[in-house]
Every structure is written in C-alpha cells, then in structure tokens.
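# Remarks on the overall topology
Chain residues, written in single-letter form:
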Amino acid sequence: MRKHIGWIAGTTAAVLVAAGAITYAVAEDGGGSGQGVPSADGADAGFARDMAVHHQQAVEMSYIVRDRTTDTDVRRLAYDIAQTQANQRGMLLGWLDLWDLPKVSAKPPMSWMGMGDMPERGDGSLMPGMATGTELKKLGTLNGRQAEIFYLQLMTDHHKGGIHMAEGCVAKCTVEVEKNLAQGMVDAQQSELATMKQMLKERGAKPRD
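Nothing here was measured: the structure is a model prediction, and the numbers come from that model.

### Section: the layout of surface pockets
Put simply, the second largest pocket is a space of about 270 Å³. Taken together, 17 residues form the lining of the second largest pocket, with Arg49, Asp50, Ser105, Lys107 and Pro109 sitting closest to its centre. In terms of residue class, the lining of the second largest pocket is made up of 9 nonpolar, 3 polar and 5 charged.

Encoded structure:
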C-alpha cells in the first residue's frame, strides 16, 4: 500500500512540470482542430467551467482531512489529490481566459453533456459525485479513522462523478490537449479509486454504493 501511495504522490511533480507546456499548447492551438476559439456553450468551455468547480471541492475535502488525521497514507493521498486538482483547475480556468470566455454560465451544470435537466442533490452538490454542504461539515467534525473513512467514501463518489465528466470531454471536446488532459484525469482517478477501495478495506469499510 505504501509503495502504491508513493507512486501516486510522485505523479504530482510530473503534472506540475507539464502544466505550463499544456497551457502553452492550448494557446498555440487557438481553440482546437482548426476551428478557432471554442464557443461559450460548447463542450470545451463547458468542461473547463464544470470541472474547475468539481475540482475545487476535491481540494477543499482533501485539506479538511489533512487536519483531521495523522495517518501518513491518507495525508499523502489527500495532499496529492489537492495539489494535482488545484493545478488542473488553474489550467482549466486559464484556458477560459485564453479563449476570452466566461467562467460561469447561466445554463445548468453539465448541459454540454446533455445532462442539463439532471436533478441536483442540492445543499451545494451541483454535479454527480459532489458532496453536500452537510457532508463537508460532517467531515470537519470527525477525527482519526472516522475522518479517514468518510473522506475516502466521499472522494470515491467524487472521483466517479469526475471520471464520468472527463469521459464526456474525451468524447465531445475539440481541443486536443484538453481531450488529452481529460483522458489523463480518467486514468489517474481510476487508479486512485482502486487505491481508496483498498484503503477502505484496511479500515473495515467500503465505498458507499
């Protein structure tokens, strides 16, 4: 387990180094596939906006649990998730700036995926996998093993929702480097799902669904 966690943590440095190159490539691409700047309502901009929001909550949950446990593996995983997703969020918002597109939309989340009429869980849970405000508050009240288990369960749900959205970008986005980033999210988060399932098992727990 520690070897696996160490491998995941080691990927953060590679992601950070690649960030500048990816952002530059998007700028050079001029919007993707020779089609000019993406439209505000298209998949490229929609994914960038929605995943930035989705990622922000993952960062928040990860920093909460780092203050609620002393477990090395959980803290390392949480730090890696926080750093990676904060960096990716910066790239997504940076692309919207490069394209001179708004960072918010009047349309419901995930409309670009044809899911704009999807019922929300409410209480701050705007998209599939996102925790509610009540769940975040609960995480902030737990300590030790209880905090570890609840975080791993929440993040498992979060990753599943994130993977679904990233797969949508792989299928619908037109900017090649953004599609590649989305596929990288799918691959990395699937690996982390397997890790978190094992970590839950070691704590006598399992994912919520």
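Continuing now.
### A short note on unusual backbone geometry
With the exception of glycine, the majority of residues adopt a negative phi angle, and the majority of peptide bonds are in the trans configuration. For Asp100, which is not a glycine, the phi torsion comes out positive at approximately 55°. Residue classification places Asp100 among the exposed residues on the basis of a relative accessible area of 69%. The backbone of Met110 shows a phi angle near 65°, a positive value even though the residue is not glycine. The topology assignment puts Met110 in the loop between helix H3 (72–98) and helix H4 (133–139).

### Here's the deal with the nonpolar core
Core analysis: the largest hydrophobic core is formed by 53 residues, its most contacted members being Phe47, Met61, Leu92, Tyr151 and Met165. Looking at this core, the elements that each hand over two or more residues are helix H2 (43–66), H3, H4, helix H5 (144–172) and helix H6 (176–202). With 11 residues, H5 is the largest single contributor of residues to this core.

Parameters at a glance
Residues numbered from 1 in each chain as written. Predicted model: local features only at pLDDT ≥ 70, side-chain atom pairs only at ≥ 80, totals over all residues. Heavy atoms only, no water. 1 Å grid on protein atoms, 1.4 Å probe; cavity = no way out; pocket = protein on both sides within 12 Å on 5 of 7 lines; lining within 4 Å. Points joined across faces, edges and corners; volume = space filled by probe spheres on them. Nonpolar A, V, L, I, M, F, W, Y, C, P; charged D, E, K, R; others polar. Buried < 20%, exposed > 50% of the residue type's maximum accessible area, 1.4 Å probe, protein only. Helix = DSSP H or I, 4+ residues; strand = E, 2+ residues; numbered from the N terminus. Core = buried A, V, L, I, M, F, W, Y, C linked by side-chain atoms within 4.5 Å.

These figures come from the coordinates and say nothing about function on their own.
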